[in-house]
Amino acid sequence: RVLELGAGHGLPGIIAGLQHSARVDFHDRAANVLRSITAVNAAANGLALAADESSQGARFLAGDWRQVCEMAKAKSLQYDVVLAAEAIYR
């Protein structure tokens, strides 16, 4: 499982999913970015999207890094790789 922090357009996670058959969780602070940009790009590039939390496709996690860390602990999410590219935006 791969986590992309600050995904935005999600290119690193999309590549990981397509080229390495990784199961990817995309994170962004803004839920609207995940819905309107990240998920759209992932689907347009052929990455399967999870229908719910138990599905095998890409998942989308919104919130700041502290919230994502707490969510990962609460849901027992574990990652083999954490990606970040231009993760800080101001």
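Computed from a prediction, not measured in an experiment: that's the story for all the values here. All residue numbers refer to positions counted from 1 along the written sequence of the respective chain. The predicted nature of this model means local features are confined to residues of pLDDT at least 70 and side-chain atom pairs, given and counted, to a pLDDT of 80 or more, with totals for whole chains, interfaces and linings taken over all residues. Working from all heavy atoms in the structure, the side-chain values ignore hydrogens and water.

Some details on the nonpolar core
Applied cut-off: The criterion is simple. A nonpolar core is a set of buried Ala, Val, Leu, Ile, Met, Phe, Trp, Tyr and Cys residues joined through side-chain atoms within 4.5 Å. Exposure classes here rest on a 1.4 Å probe applied to the protein chains alone. A residue is buried below 20% of its type maximum, exposed above 50%, and partly exposed in between. The helix and strand labels rest on DSSP assignments: H or I over at least four residues marks a helix, E over at least two residues marks a strand, and numbering proceeds from the N terminus. Only heavy atoms enter the contact rule, under which two residues are in contact if any of them lie within 4.5 Å.
Grouped together as the largest cluster of nonpolar side chains are 10 residues: Val 2, Ala 7, Ile 14, Ala 16, Val 24, Phe 26, Leu 34, Ala 42, Leu 47 and Ala 58. Broken down by secondary-structure element, the contributors of at least two residues to this core are α1 (11–20), β2 (24–28) and α2 (31–44). Discounting residues that sit within four places of it in the chain, Ala 42 has contacts with Ile 14, Phe 26, Leu 47 and Leu 49. Leu 3, Leu 5, Val 68 and Ala 72 belong to the second largest nonpolar core, which has six residues in total.

A look at the pairing of strand β1 (residues 2–5)
Operational definition: Strands were regarded as paired on the criterion that DSSP finds at least two bridges between them. Whether a crossover is right-handed comes down to one check: with the strands pointing away from the viewer, does the path from the first strand over the helix to the second run clockwise; if it does, it is right-handed.
Burial of the side chains of β1 extends over both faces: Val 2 and Glu 4 are buried on one face and Leu 3 and Leu 5 on the other. One ladder, built from three bridges, connects β1 with β2; its direction is parallel. Bridge assignment links Glu 4 to a residue of β2, and that residue is Phe 26. Assessed by its sense of winding, the connection that carries the chain from β1 through α1 to β2 is right-handed. Two strands pair when backbone bridges link them, and β1 and strand β4 (residues 81–84) are joined in this way by four bridges, in the parallel orientation. Paired with Val 2 across the strands is Val 81, a residue of β4.

Brief notes about the side chain of Glu 4
Note the threshold: The convention is simple: Lys and Arg are positive, Asp and Glu are negative, and His and the chain ends are not counted. What makes a salt bridge here is a side-chain nitrogen of Lys or Arg within 4 Å of a carboxyl oxygen of Asp or Glu, nothing more.
Topologically, Glu 4 is positioned in strand β1. Notably, Glu 4 is buried but unbridged: the nearest opposite-charge side chain belongs to Arg 1, and the N-O separation is 12 Å. Once residues lying within four places of it in the same chain are set aside, the contact partners of Glu 4 are Gly 10, Leu 11, Pro 12, Gly 13, Asp 25, Phe 26, His 27 and Leu 83.

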